[in-house]
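# Structural overview
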Amino acid sequence: MNAEPTRQDVLAVDIHAIKDEWMRLWKESSATPARDGHPATRNSVLNLVVFTQRAATAQAVDGALDGLCRQHPARMIVLITNPQSEQPSMSAEINLSMYQDRERWGTNTNELVTIEADGEAVNFLPGVVLSLLAANLPVFTWWADAPAVNLALFDRLAAVSDRLIVDSAEF
């Protein structure tokens, strides 16, 4: 498939405003037809939750997601954590990406939120993630670091996942 990005919005948002900002971006997107005259469609096929604690892994994940979302429109939630931090904090950036497909008409659109959590704020991530999942779609969790089976976040995400993906090289 030959797809090129036609639009990409990246916004830093308050953690409580993620859904509202996505809705606002969707409304703006649907008001402006794509270059081929067809409106962008909201056609996610899965939820993908990605967990990492390392910046280098987060960069590799970002590259992999770019290739994935060109072919499989999805709602993606990337979690970057530092539970050892003394100062609790949580921040989010949302991204609405549109890819024009040259081989067939239409535009694929993907929703991405990157959430960075430090210290005790990591404990609140399961509730945040659950509230952001698109209903009635399978949930894939990609644990991009060594599985922390003693971490409550791992248990909660594994419990809601249809598929758990781990990199066995990290064990």
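These notes cover the structure that comes with them. Note that the coordinates shown come from a computational prediction; the quantities given were computed from them, not determined experimentally.

Here is what the cut-offs are and how they apply
- Each chain has its residues counted from 1, following the order in which its sequence is written.
- Only residues with pLDDT of at least 70 get local features here, since the model is predicted, and only at 80 or more are side-chain atom pairs given and counted; chain-wide, interface and lining totals rely on the full set of residues.
- Side-chain measures were taken over the full set of non-hydrogen atoms in the model, leaving aside hydrogen atoms and water.
- A helix here means a DSSP run of H or I that spans at least four residues, while a strand means a run of E at least two residues long, and both kinds are numbered starting from the N terminus.
- Exposure is judged per residue with a 1.4 Å probe applied to protein chains only, and the accessible area is read against the type maximum: over 50% gives exposed, under 20% gives buried, and values in between give partly exposed.
- Areas reported here follow the Shrake-Rupley algorithm with a probe of radius 1.4 Å; residue values treat only the protein chains shown as occluding.
- Note on aromatic contacts: the rings of Phe and Tyr and the six-membered ring of Trp form a pair at centre separations within 6.5 Å, being stacked when their planes are under 30 degrees apart, edge-to-face when over 60 apart, and tilted otherwise.
- The axes used here are C-alpha line fits, helices contributing only the stretch in contact, and every angle between their N-to-C directions lies in the interval 0 to 180 degrees.
- The scheme is simple: roughly parallel for angles under 35 degrees, roughly antiparallel for over 145, roughly perpendicular for 65 to 115, oblique for anything else.
- Helix crossings get a hand from a simple test, with the near helix turned counterclockwise from the far one by less than a right angle marking a left-handed crossing and a clockwise turn marking a right-handed one.
- Contacts are assigned to residue pairs with any non-hydrogen atoms lying within 4.5 Å of each other.
- Three classes are used: nonpolar for Ala, Val, Leu, Ile, Met, Phe, Trp, Tyr, Cys and Pro, charged for Asp, Glu, Lys and Arg, and polar for all others, with Gly counted as polar.
- This arc corresponds to the set of directions leading from the helix axis out to the C-beta atoms.

## Some details on the overall build of the chain
Looking only at helices and strands, the chain features four helices and seven strands. When the helices and strands of the chain are placed in sequence order, the string is β-α-β-α-β-β-β-α-β-α-β. Looking at the chain as a whole, 41% of its 171 residues are labelled buried. If you sum the accessible surface of the chain, you get close to 9,100 Å²; carbon and sulfur atoms cover 52% of it.

## Concerning the packing of aromatic side chains
Scanning the model with the defined rule gives two aromatic pairs in all. Where F51 meets W143, the ring centres are 3.8 Å apart and the plane angle is 15°; that geometry is what we call stacked. Of this pair, F51 sits in strand β2 (residues 46–52) while W143 sits in strand β6 (residues 139–143), and the two are 92 residues apart along the sequence. Each member of the pair, F51 together with W143, is buried. Their ring planes at 85° and their centres at 4.8 Å tell us that W143 and F154 sit as a pair that is edge-to-face.

## Quick look at the packing of helix α3 (residues 125–132) against helix α4 (residues 152–160)
Contact geometry for α3 and α4: axes closest at 9 Å, N-to-C directions at 20°. Here α3 lies roughly parallel to α4, going by the angle between them. Crossing hand, α3 versus α4: right-handed. Packed against α3, whose contacting residues are L125, P126, V129 and L130, the element α4 presents L153, R156, L157 and V160 at the interface. For the contact of α3 with α4, the class distribution of residues is seven nonpolar, no polar and one charged.

## What about the side chain of T57?
Turning to its location among the elements, T57 is positioned in helix α2 (residues 55–71). Residue classification places T57 among the buried positions, given a relative accessible area of 14%. Among residues more than four places away in sequence, those in contact with T57 are T52, A144 and D145.

## Observations concerning α3
Looking only at α3, the buried set comprises L125, P126, V128, V129 and L132. Buried positions in α3, seen along its axis, are confined to an arc of 165° and lie on one side of it.

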